[in-house]
Amino acid sequence: WRGLYRPHSPHSPQGSVLILFPKEHEGGEVSPAKFEELTGRKNSRNWKQSLKVLLKGPKYGYSLRCELKKEGQKFGREFVGNLLNFLWTEDGNWYEAKVKEYEVDKGSHRLQFLVDNTECVVHLFLETFHLLP
């Protein structure tokens, strides 16, 4: 799989991915979460290297890994300890989660879901959530 990540998509505040390869999906546009799903995020961490960030104009630049780190810093450590109402896109349900940790080198946050205490690592700027009081 190959694609271009558009940080400021007119279709989604989380950005979108223009699919370049495989041919049967070429030209399609999906959310970053859907691209992760299509590329098998559970099986490989290399999906982040299969995307380049679309810059202004017809150019593309650095890898998505760099973009994730840069954009993740916007939420940073100050979100640790907060409660979120988090949309789990795989089932379309909202779940309460606590932000447990921020990984500086990756720009990601580790969440613990209150319903069953499971944990996962996400990039908050790519997700849909609301801060809870």
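In this text the structure is predicted, and so the values were computed from the model without any measurement. Within every chain, residues take consecutive numbers counted from 1 along the sequence as written. A pLDDT threshold of at least 70 governs which residues receive local features in this predicted model, and a stricter bar of 80 or more applies before side-chain atom pairs are shown or counted, although totals over entire chains, interfaces and linings include all residues. Where side-chain values are given, they derive from all heavy atoms of the structure, hydrogens and water being excluded.

Chemist: Explain the overall build of the protein chain here, please?
Modeler: Each helix is a run of DSSP H or I of at least 4 residues and each strand a run of E of at least 2, with the numbering of both proceeding from the N terminus. Within the protein chain, the secondary structure is distributed over two helices and 10 strands. The order of helices and strands in the protein chain, counted from the N terminus, is β-β-β-α-β-β-α-β-β-β-β-β. The buried share among the 133 residues of the protein chain stands at 42%. As displayed, the protein chain offers around 8,000 Å² of accessible surface, 51% of which is attributable to carbon and sulfur atoms. Three exposure classes are used, based on accessible area relative to the maximum for each residue type with a 1.4 Å probe and protein chains only: buried under 20%, partly exposed in between, and exposed over 50%. Under the convention used here, a 1.4 Å probe and the Shrake-Rupley method define accessible areas, while residue burial counts only the protein chains that appear.

Chemist: I'm lost on the pairing of strand E8 (residues 108-113) in this one. Help?
Modeler: Successive residues of a regular strand alternate their side chains across the two faces of the sheet. Within E8, five of the six residues are buried, leaving the element largely enclosed by the surrounding structure. Bridge count between strand E7 (residues 93-103) and E8: six bridges; the pairing is antiparallel. For Glu-103, the partnering residue across the bridge sits in E8 and is Ser-108. Pairing between strands is defined by DSSP: at least two bridges between them are needed. Where E7 hands over to E8, the hairpin turn is made up of four residues, of which Gly-107 adopts a positive phi near 75°. Here E8 pairs with strand E9 (residues 119-122) via four bridges, running antiparallel. Bridged to Gln-112 within E9 is Glu-119. Connecting E8 to the next strand, E9, in antiparallel fashion are five residues, including Asn-117 with a positive phi near 65°.

Chemist: Whenever I open this one, the sheet that holds strand E10 (residues 129-132) confuses me. Can you help?
Modeler: Sheets are built from strands that pair by backbone hydrogen bonding, the pairs being arranged parallel or antiparallel. One open sheet holds the five strands; their spatial order is E9-E8-E7-E6-E10, and the pairing between them is antiparallel. The sheet is open, and its two edges are formed by E9 and E10, each paired on a single side. Within this sheet the neighbouring strands show an average axis-to-axis angle of 40°, counted without direction. Bridge count for strand E6 (residues 83-88) against E7 is six bridges, and the pairing is antiparallel. Bridge pairing in E7 places Leu-83 opposite Lys-98. To obtain each axis, a line is fitted to C-alpha atoms, and for helices this fit is confined to the stretch in contact; angles are then taken between N-to-C directions over 0 to 180 degrees.

Chemist: Could you clarify how one ought to interpret the environment of Glu-26 in this entry?
Modeler: Summarising the element assignment, Glu-26 is placed in the loop between strand E2 (16-21) and strand E3 (29-30). Along the backbone, Glu-26 and Gly-3 are 23 residues apart, and their C-alpha atoms lie at a distance of 8.8 Å. In this analysis, two residues are considered to be in contact whenever any of their non-hydrogen atoms come within 4.5 Å of each other. The contacts of Glu-26, once residues within four sequence positions are left out, are Ile-19 and Leu-20.

Chemist: Would you take a moment to explain the packing of aromatic side chains for this structure?
Modeler: Aromatic rings in a pair are described by how distant their centres are and how their planes are angled relative to each other. Between rings of Phe, Tyr and Trp, where Trp is taken as its six-membered ring, a pair exists when centres lie within 6.5 Å; planes separated by under 30 degrees are stacked, by over 60 edge-to-face, and by other angles tilted. Counted under the stated rule, the structure contains seven aromatic pairs. Measuring from ring centre to ring centre gives 4.9 Å for Phe-75 and Phe-79, while their planes differ by 85°; the resulting arrangement is edge-to-face. Residue Phe-75 is classed as buried on the basis of its relative accessible area of 18%. Between Trp-88 and Phe-113, the ring centres sit 5.6 Å apart and the planes meet at 90°, which makes this aromatic pair edge-to-face. Here Trp-88, found in strand E6, pairs with Phe-113, found in strand E8; they are 25 residues apart in sequence, far enough to count as distant.

Chemist: Any chance you could explain the pattern of salt bridges here in plain terms?
Modeler: Pairing is possible between side chains that carry opposite charge, provided their charged atoms lie close to one another. By convention in these notes, a salt bridge is any Lys or Arg side-chain nitrogen within 4 Å of a carboxyl oxygen on Asp or Glu. Summed over all chains, the structure comprises five salt bridges. Glu-71 is paired through a salt bridge with Lys-74; the nearest N and O atoms lie 2.7 Å apart. The partner of Glu-103 in a salt bridge is Lys-106, and the shortest N-O contact between them spans 3.7 Å. What you see here is one network of salt bridges that share partners, running through Lys-70, Glu-71 and Lys-74.

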